[in-house]
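Letter by letter, the chains look like this.
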Amino acid sequence: MPLSLRAVLAHPLLRAADPFVPDRRADLERPVRWVHSSEIYEIAPLLRGDELLLTTGLGLAGRDAGERRRYVADLAAAGVAGVAFEVGRTFREVPADVVRAAAEARLPLVVLRGVVPFVAIAEAVNAAILDSAVTRLRHINEIVRVLSGVLARGAGVDELTRTLSRLTDRPVVLAGIDGTITSWAGTDAPTEVVRAPAAQAGVELRGALWGRLLLGASGVGGADGDDEGAGAGEGPATAVADVPAGGAGDGAGTVRPGADEHGDAGSWSGVAVEVAVEVAEHAAQVFAPALLRLADRDGWVGRERRELVEGLLRDALPPREVAARLSVCGLVPAGTAAWASVALHLPDPVRAVTALYEGLRACGGRGLVSDGPGGAYALIALDRDTHVAELATRLGLPTVAGDEPTAALGPLVRDVARVGHSLRAARDTLRLARRLRPVRSAAVADTVLADAWALERVLDRLTPEELADLVEDQLGPLLASDAARGTGLVDTLEAYLRCGCSKTETAGVLFLRRQSVHQRLALIESLLRVSPDAPDRQGPLRAALTARALLATRGPHPIRATPT
């Protein structure tokens with residue numbers, strides 16, 4: 001387990017070398033996997049990354065400024081954690097160009113002003129790194145042992161959450177993959193832990209990903225800066241103190257790694273975030289059986305979500321209640337820029353719910369998933385505004401064989417009170433797309449957008465008689481010509497409008513010569529006594545064509561055609 005560079009510099013042997021860091025912005029929290037010493041100029045390709053390199057600069061002797069800068073750049077590119085440069089042997093002070101190059105490359109440069117054998121430093125620190133890994137592993141095993149004992153006594157997820165929070169001194173949150181919070185401890189703001197966890201691990205139930213176990217910043221209610229050493233049973237990290245200007249040749253603006261008050265090697269700490277990650281991964285396996293017990297006892301934990309989705313689909317919830325019900329289900333409206341909704345239909349309902357969970361995870365959104373009438377549904381809280389087409393791509397919803405649509409996305413809404421409108425639009429759009437597929441298969445995608453089907457949804461509320469009147473008013477002469485002579489004028493008009501009034505594209509769609517399309521459009525214009533290119537007629541013509549498709553899905557409703 002690596003230690004932080006700050007922790008390594010606090011080791012007694014390195015403190016004896018009187019280290020200081022010229023660059024105040026240097027990242028001393030970088031992990032040090034190993035300590036290595038070398039005087040070879042071309043050492044960078046031989047390193048694996050995260051090493052602290054000890055050097056007297058012998059490999060730089062006789063090199064010009066450009067070569068020295070290249071040496072620093074190569075080490076930074078190799079990913080070393082830092083370079084400890086001992087002065088007094090090869091160089092009386094670190095060359096200024098090396099200091100500048102390290103700062104520009106964000107490579108921590110530590111100046112060692114005292115002489116300490118490098119072999120002694122490497123042996124002591126590397127042994128401590130290995131010992132730290134063993135100690136941390138023991139500590140993790142002890143946490144898992146305690147949790148397992150609590151589980152064996154019949155504890156539920158709430159007691160396990162409280163126990164893990166106490167053992168790690170961190171906030172702990174158990175949340176479904178859709179962001180719904182099931183249990184939390186050690187914090188009054190569990191949603192903040194969900195938004196920015198310090199560590200997390202997936203929780204699987206019956207071979208499927210159910211959700212996440214999340215650990216927040218160390219110390220109950222603490223800040224990220226308290227992470228160092230928490231959860232590993234170690235002391236706080238060594239502080240960094242300013243060196244007074246003019247002190248011992250440091251120069252103004254330098255910083256010196258400080259010593260802890262006891263001065264013993266056992267008190268300097270490592271990076272606890274990695275420990276928290278391992279704890280979360282092991283603890284997640286203990287939480288799974290408790291969740292299964294809860295599921296078996298309560299018929300699963302999504303009752304509130306299902307009731308909310310069903311209420312929104314029935315339009316049975318007053319707008320003022322929607323935000324409160326979302327919060328009860330763990331989807332807090334605060335911080336949401338826009339809301340989206342999804343309706344998904346797959347032959348296997350369990351697969352449909354799972355697919356929505358995976359889609360939410362892929363798009364990085366907060367959400368709520370539930371089964372419901374006719375399929376599975378999701379409400380998505382977006383932290384930034386987007387476009388539904390982009391969201392559809394990010395969700396990556398599954399398809400089925402053939403051209404049958406499987407999902408619909410409702411329109412984005414900014415007011416939480418209109419979430420129900422978006423969800424109902426998604427449901428109605430999916431139903432319409434599936435109904436119209438045999439009539440208009442070429443125009444139906446796997447995932448359809450409610451925004452593109454607004455006209456269909458409005459017209460579908462009309463009676464068959466009202467739809468037939470609309471069709472007759474707008475398309476009667478064309479239908480009569482098609483019935484009497486098989487001219488295919490209605491299909492030509494529909495293709496022409498869908499192709500953006502492009503004759504070339506229409507010819508390609510209908511497999512006709514462009515001249516044939518010209519002739520048909522001329523006949524359409526003569527029968528309708530208006531050009532289909534007229535902007536004020538395109539809307540009514542599109543509506544009539546849509547009404548005709550809707551009538552075809554409602555059974556035998558003869559369309560009257562005026563004889564020509």
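See the structure shown above.
Note that this is a predicted model, so its numbers are computed, not measured.

## What to know about helix 11 (residues 349–363)
For an α-helix the count is 3.6 residues per turn, leaving residues at separations of three or four pointing the same way. End to end, helix 11 covers 21 Å across 15 residues, agreeing with the expected 21 Å (1.5 Å per residue, within 8%). Among the residues making up helix 11, those that are buried are Ala352, Val353, Ala355, Leu356, Tyr357, Gly359, Leu360 and Cys363. Among the structural elements, helix 9 (303–313), strand 14 (338–344), strand 15 (366–372), strand 16 (375–382) and helix 12 (388–395) are those in contact with the buried residues of helix 11.

## Remarks on empty space enclosed by the protein
Over the atoms rolls a probe the size of a water molecule, and in doing so it shows where empty space is left. Tallying each qualifying case throughout the model produces three cavities of 30 Å³ or more. Here the largest cavity defines a volume of roughly 50 Å³. Elements with a contribution of two residues or more to the lining of the largest cavity: helix 3 (65–78), strand 6 (82–86) and helix 4 (96–104). The dominant element in the lining of the largest cavity, judged by the number of residues it contributes, is helix 3, at three residues.

## Concerning the environment of Ser38
On the secondary structure map, Ser38 appears in the loop between strand 4 (34–37) and strand 5 (51–55). Owing to a relative accessible area of 12%, Ser38 belongs among the buried residues under this scheme. Spatially, the C-alpha atoms of Ser38 and Phe118 are 9.5 Å apart, while their sequence positions differ by 80 residues. If we ignore the near neighbours within four places in the chain, the residues touching Ser38 are Ile43, Leu53, Leu54 and Thr55.

## With respect to the side chain of Arg424
Looking at the element boundaries, Arg424 is found in helix 13 (residues 419–436). Given the relative accessible area of 17%, Arg424 is considered buried. For Arg424, the contacting residues outside a window of four places in its chain are Leu312, Leu313 and Asp315.

## Some points on the state of the cysteines
Scanning all chains against the criterion turns up zero disulfides. Cys501 supplies the cysteine sulfur nearest to Cys499, a cysteine that is in no disulfide, at a spacing of 9.3 Å.

## Some remarks on the pattern of salt bridges
Across all of its chains, the model carries 17 salt bridges by this definition. One salt bridge in this structure joins Glu51 and Arg33, with 2.9 Å as the shortest N-O distance. Linking Glu51 in strand 5 with Arg33 in the loop between strand 3 (31–32) and strand 4, this pair joins segments that are 18 residues apart in sequence. A relative accessible area of 27% means that Arg33 is categorised as partly exposed.

## Brief notes about the nonpolar core
One broad trend across soluble globular proteins is that nonpolar side chains are buried collectively. Counting 54 residues, the largest nonpolar core has Leu326 and Leu475 as its most contacted members. Looking at which element gives the most residues to this core, the answer is helix 19 (residues 535–552), with eight residues. Those residues in contact with Leu475, other than ones at most four positions away along the chain, are Leu493, Leu541, Ala544 and Leu545.

## Overview of the packing of aromatic side chains
Inspection of the entire model under this criterion finds two aromatic pairs. With a centroid separation of 5.8 Å and 25° between ring planes, the pair formed by Tyr41 and Tyr71 is classed as stacked. With a gap of 30 residues between them, Tyr41 in the loop between strand 4 and strand 5 and Tyr71 in helix 3 connect regions that are remote in the sequence. The exposure class assigned to Tyr41 is buried, which follows from its relative accessible area of 13%. Taking NZ or CZ as reference, Arg63 lies 3.9 Å from the ring centre of Tyr41, over its face.

## A short note on the sheet that holds strand 4
Spatial ordering of the open sheet is given by 2-7-6-5-4, a layout of five strands whose pairing is mixed. For this open sheet the edge positions go to strand 2 (19–20) and strand 4, each flanked by a neighbour on one side alone. Note: strand 5 against strand 6, four bridges, orientation parallel. Residue pairing in the sheet places Leu52 in a bridge with Gly82 of strand 6.

## Considering the sheet that holds strand 17 (residues 407–409)
Strand order in the open sheet formed by five strands is 15-16-14-17-18, and the pairing between neighbours is mixed. Taken across any chain shown, the strands that pair with only one partner, and hence form the sheet edges, are strand 15 and strand 18 (447–449). Neighbour-to-neighbour, the strand axes of the sheet open up by a mean angle of 20°, direction not taken into account. The sheet contact formed by strand 14 and strand 17 spans three bridges and is antiparallel. Looking at strand 17, one finds that Ala343 is bridged to Ala408. In the packing of helix 13 onto the sheet, the strands contacted are strand 14, strand 16, strand 17 and strand 18, and the crossing angle to strand 14 comes to about 30°.

Calculation notes
- Residues numbered from 1 in each chain as written.
- Predicted model: local features only at pLDDT ≥ 70, side-chain atom pairs only at ≥ 80, totals over all residues.
- Heavy atoms only, no water.
- Helix = DSSP H or I, 4+ residues; strand = E, 2+ residues; numbered from the N terminus.
- Expected span 1.5 Å × (residues − 1).
- Buried < 20%, exposed > 50% of the residue type's maximum accessible area, 1.4 Å probe, protein only.
- Contact = heavy atoms within 4.5 Å.
- 1 Å grid on protein atoms, 1.4 Å probe; cavity = no way out; pocket = protein on both sides within 12 Å on 5 of 7 lines; lining within 4 Å.
- Points joined across faces, edges and corners; volume = space filled by probe spheres on them.
- Disulfide = S-S within 2.5 Å.
- Salt bridge = Lys/Arg side-chain N within 4 Å of Asp/Glu carboxyl O.
- Core = buried A, V, L, I, M, F, W, Y, C linked by side-chain atoms within 4.5 Å.
- Phe/Tyr/Trp six-rings, centres within 6.5 Å; stacked < 30°, edge-to-face > 60°.
- Lys NZ or Arg CZ within 6 Å of the ring centre and 35° of its normal.
- Pairing = 2+ DSSP bridges.
- Axes fitted to C-alpha atoms, helices over the stretch in contact; angles between N-to-C directions.

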